[in-house]
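Working through the structure, step by step
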Amino acid sequence: MDYHSLYHTMADGTVKQINPFTGVEVWTVSERGNRAANGEPDGPPPEPLERMSPEGYCSFCESRLLETAPEKSRVVRRGDCYVTLHHVMPEQQSQEAAEFRRVANLFEIVSINYWRQNYNYKLSPQNIQWKDQYLSSPLGIRHVMGIIDQKLKLSGKSDEEIAAVSPDVKLTLADAFFGGGHEIIIARPHYRSDAQTTADLFSTGDMTDEQHAEYYHFIIDALVDIISSNRYVRYISVFKNWLRPAGASLNHLHTQIVAIDEWGSSIDRQVKMLVADKNVFNTYGPNFAGLHNLVFAENDFALAFVGIGHRYPTVEIFSKSINARPYEHQPQEIRGVSDLVRACHAAIGGSVSVNEEWYYTPIDCIFKMPWHINLKLRMNVPAGFEGGTSIFINPLSPVDLRDRLVPRLYQLRGEGRINPSIRIAEECIVVPNPLQYYRTC
Ligand SMILES: [Zn+2]
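Here the residue numbers are simple positions, counted from 1 along each chain's written sequence. pLDDT decides what is reported in this predicted model: residues at 70 or higher carry local features, side-chain atom pairs at 80 or more are listed and counted, and totals for whole chains, interfaces and linings draw on all residues regardless.

1. Points about the domain arrangement of the protein
- Throughout the structure description, domain borders are defined by an automatic or database domain assignment. Examined at the domain level, the protein breaks down into domain 1 (62-202) and domain 2 (241-382 + 396-441).
- Computed over C-alpha atoms, the centres of domain 1 and domain 2 are 30 Å apart.
- Contacts are defined on C-beta atoms placed from the backbone: any two residues whose C-beta positions lie within 7 Å are in contact. Listed as interface residues are 14 residues of domain 1 and, on the opposing side, 12 residues of domain 2.
- Side-chain classes follow a simple rule in which Ala, Val, Leu, Ile, Met, Phe, Trp, Tyr, Cys and Pro form the nonpolar group, Asp, Glu, Lys and Arg form the charged group, and the remainder, Gly included, forms the polar group. When its residues are assigned to classes, the side of domain 1 that touches domain 2 shows 9 nonpolar, 4 polar and 1 charged.

2. Some details on the sheet that holds strand β6 (residues 100-104)
- Think of it this way: DSSP has to see at least two bridges between two strands before they count as a pair. Runs of H or I in DSSP of at least four residues are treated as helices and runs of E of at least two as strands, each being numbered from the N terminus. Spatially, β5-β4-β6-β7-β9-β8-β13-β14-β12-β11-β10-β16 is the arrangement adopted by the 12 strands of the open sheet, whose pairing is antiparallel. Since the sheet does not close on itself, it has two edges, and those belong to β5 (81-86) and β16 (423-424), each with one partner.
- Relative to strand β9 (residues 254-260), strand β8 (residues 235-242) runs antiparallel, the two sharing 5 bridges. In the strand pairing of β9, Phe239 is matched with Gln256.
- Against the sheet, helix α11 (residues 331-348) makes contact with β10 (295-298), β11 (302-306), β12 (314-319), β13 (354-359) and β14 (372-377), and its axis sits at roughly 165° relative to β12, the strand it touches most. Geometry is summarised by axes, namely lines fitted to C-alpha atoms with helices restricted to the contacting stretch, and by angles between N-to-C directions that run from 0 to 180 degrees.

3. A few points about unusual backbone geometry
- The residue after Ser53, namely Pro54, is reached through a cis peptide bond having omega -5°.
- Within the fold, Pro54 resides in the loop between α1 (30-33) and β4 (71-78).
- Positive phi, close to 50°, is recorded for Ala425, a residue that is not glycine.
- Its location among the elements puts Ala425 in the segment after β16.
- Note on burial: count the other C-beta atoms lying within 10 Å of the residue's C-beta; 20 or more is buried, 12 or fewer is exposed, in between is partly exposed, and C-beta positions come from the backbone. According to the C-beta neighbour criterion, Ala425 is partly exposed, with 17 such atoms within 10 Å.

4. A look at the packing of α11 against helix α13 (residues 398-414)
- Close contact between α11 and α13 brings their axes to 9 Å; oriented N to C, the two are set at 110°. Here α11 is positioned roughly perpendicular relative to α13, judged by the angle of their axes. Across the interface between the two elements, Ala343, Ala346, Ala347 and Ile348 from α11 touch Leu405, Arg408, Leu409 and Leu412 from α13.
- Here the contact of α11 with α13 is built from residues that sort into 7 nonpolar, no polar and 1 charged. Roughly parallel here means an angle under 35 degrees, roughly antiparallel means over 145, roughly perpendicular means 65 to 115, and every remaining angle is called oblique.

5. Some remarks on the nonpolar core
- For this analysis, nonpolar core means a set of buried Ala, Val, Leu, Ile, Met, Phe, Trp, Tyr and Cys residues linked through C-beta atoms within 7 Å. Of all hydrophobic cores here, the largest spans 94 residues; its most connected members are Ala297, Ile317, Leu340 and Cys344.
- No other element matches α11, which puts 9 residues into this core.
- The contact partners of Cys344, leaving out residues within four places of it in the chain, are Ala297, Ala304, Val315, Ile317 and Leu375.

6. Regarding the pairing of β8
- Of all 8 residues making up β8, 6 are buried, and the element is well covered by its neighbours.
- Where β8 and β13 come together, 4 bridges link them in antiparallel fashion. Looking across to β13, one finds that Phe239 is bridged to Glu357.

Here's what the structure looks like:
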């Protein structure tokens, strides 16, 4: 394995990297590292926060539930337990606080019409029943019609044009809320409980391990539900855009789920590599990272290392499980992955804009690819040099990023803010081939 050609430091300190899975070429130029942005978003300076209870700062906040589409399901807390409720009617939604809510995205990337027109997709009998039930409530129909009108308005229609759309057409448009494939999972808080200013947003690292694991279980349940109601789905993209530089339209913590009828070129390429070499994710993942001392955190179920050849500084967290898809993982395995992802978010810090992206074996793929999650720190903006050369300048070298996160992880663990079972830096047990996905039993 010629690892040197993928990752080496030149005499002047320039770090050259090629991502083994994407072929993307990246340099970290030593003189420019010092002028790297700190990852904090541009925009107006923070202002003193006027607290609201319940929160109503944006359309995802809990006092503004009817500004999102009808709620597919929610997680509530009862004592020490989390309970999932499905299809809560609008009249009942304020009776109990929702820790997490699952709703359709009003502006779908892959719309219900895509599925309808290309595959003759129809709502499942269960989703038709739910739609009928929701619309049978006076508040339900008012809510749905109001959201459709708002959606038409935001897409550029005038009030007269909206008034001319028949109720039947509007109700057909509403199918997207009940059986579409682009959803959002919204966490409850907008700001941290100790927030003083508008900069003190509630971010992933502010959750407890239990909350975050529940969040992951809820996302995974949504994947299973989408697959069961749309048989044309071949992959479901899961991602979180945190803060505007990462593409978020609202600074309120949420994850998006988009069902697609392809694997996408990135997964296609990774599967081709997997067919050629079953162990490729160990070879270019933790084995490679371990040889370069880039594995920086681990527990019994997952490990985290700094990836090479990414356009943005990137942490990669891999499940070690023999099970390939998130919904095939055992609860303790999901918890292990969840704890490590949350710890990395906490170490990165909530003021840094981040994309969280999931990768896993597609629904109709027979080759097992391990579940892994990339956290991309949106600290830099690719510009003309990148466009002209396809060489990307990443402001932090893999070692820079590792050395930035490790002290923070020690500090967080010392303060009891991440799971104490997480091993950090030299405590990691770096054995060859730690990912077990290649095994059949
Ligand atoms: Zn909000």
